[in-house]
Amino acid sequence: MALLPILCFPDPRLYTVAKPVAAVDARIRALCRDMTETMYEAKGIGLAATQVDVHECLIVIDVSDKRDQALVLINPELVWRSPERHLNEEGCLSVPGIYDGVERFDAVRVRACDATGQLRTIEATGLLSVCIQHEMDHLLGRVFVEYLSPLKRNRIKTKMLKAQREAER
Ligand code: NI
């Protein structure tokens, strides 16, 4: 297993649209393991392959308290969403230290393959629903700050670039 470096906003690679995973093979299973380990190490509740510079449709999520219920979603497809939407506070491992409100569907139904290649349907509400929508956005090249006002986004961009420059010194 290996820890993978996480891309930080505004890295242009975060805007890449992911391609479907062609086959759930040994390479993909290893990627699932590495991404899960990377997510736990970074204390995140979700990680999309896009964030580790792999542009294939793969997400790992764990919203459990004990951090022992990792979910792998390969080629996730939204098949239903609730009419109700709510504003939730979100953060992202690619935008460290920034939290802001984003409107998401209260509930979603998603079809995806698991790490064994088995097609499953997941019904999600609450935090899991928010997390799935956030991570599926990454696969479309969308970071949550895109939902904020241009003014806020620019302020975040400036802050991130400054932090990255300081880290390089
Ligand atoms: Ni994120």
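Up top you'll find the structure we're talking about.
So, how was this worked out
- Residues numbered from 1 in each chain as written.
- Predicted model: local features only at pLDDT ≥ 70, side-chain atom pairs only at ≥ 80, totals over all residues.
- Heavy atoms only, no water.
- Donors = N, O, S within 2.8 Å, 3.2 Å for Na, K, Ca; no water.
- Helix = DSSP H or I, 4+ residues; strand = E, 2+ residues; numbered from the N terminus.
- Buried < 20%, exposed > 50% of the residue type's maximum accessible area, 1.4 Å probe, protein only.
- Contact = heavy atoms within 4.5 Å.
- Expected span 1.5 Å × (residues − 1).
- Pairing = 2+ DSSP bridges.
- Core = buried A, V, L, I, M, F, W, Y, C linked by side-chain atoms within 4.5 Å.
- Axes fitted to C-alpha atoms, helices over the stretch in contact; angles between N-to-C directions.

Caption draft 1: Representation of the coordination of the nickel ion. Protein-derived coordination of the nickel ion comes from Cys92 (SG), His134 (NE2) and His138 (NE2), at a distance range of 2.1 to 2.2 Å. Mapping the donors of the nickel ion onto the primary sequence yields the spacing C-x41-H-x3-H. Here the residue Cys92 occupies a position in the loop between strand S4 (85-90) and strand S5 (100-105), and His138 occupies one in helix H2 (residues 126-139), the gap between them amounting to 46 residues. Each member of the pair Cys92 and His138 is classed as buried.

Caption draft 2: Fine view of the side chain of Asp114. Summarising the element assignment, Asp114 is placed in the loop between strand S6 (107-113) and strand S7 (119-125). For Asp114, a relative accessible area of 12% translates into the label buried. When sequence neighbours within four positions are dropped, the list of residues in contact with Asp114 reads Val24, Val72, Ile74 and Arg120.

Caption draft 3: Expanded view of H2. Helix length check: H2 (14 residues) gives 21 Å between terminal C-alpha atoms against 20 Å at 1.5 Å per residue, within 8%. Taken as a whole, H2 has its buried residues at Leu128, Ser129, Val130, Cys131, Ile132, Gln133, His134, Glu135, Met136, Asp137, His138 and Leu139. At the C-terminal side of H2, Gly141 shows a positive phi close to 80°.

Caption draft 4: Representation of the pairing of S7 in the model. Of the pairings in the sheet, the one linking S6 to S7 comprises seven bridges and is antiparallel in character. In the sheet register, Arg109 faces S7, and the bridge partner there is Glu123.

Caption draft 5: Main features of the nonpolar core. By size, the foremost hydrophobic cluster in this structure holds 17 residues, and its most contacted members are Ile59, Ile61, Leu73, Val110, Ile132 and Leu139. The element contributing the most residues to this core is H2, with five residues. Those residues in contact with Ile59, other than ones at most four positions away along the chain, are Met35, Leu47, Ala48, Leu71, Val72, Leu73, Pro76, Glu135, Met136 and Leu139.

Caption draft 6: Region of interest: the sheet that holds strand S3 (residues 71-81). In space, the five strands of this open sheet follow the order S1-S2-S3-S6-S7, with antiparallel pairing throughout. Two strands close off the open sheet at either side, each with one partner strand: strand S1 (46-48) and S7. For this sheet, the mean inter-axis angle between neighbouring strands, taken without regard to orientation, is 40°. Here S1 runs beside strand S2 (residues 58-61); their pairing, made up of three bridges, is antiparallel. What sits directly across from Gly46, in S2, is Ile61. The strands touched by helix H1 (residues 26-41) within the sheet are S1, S2 and S3, with S2 carrying the most contacts at an inclination of about 40°.

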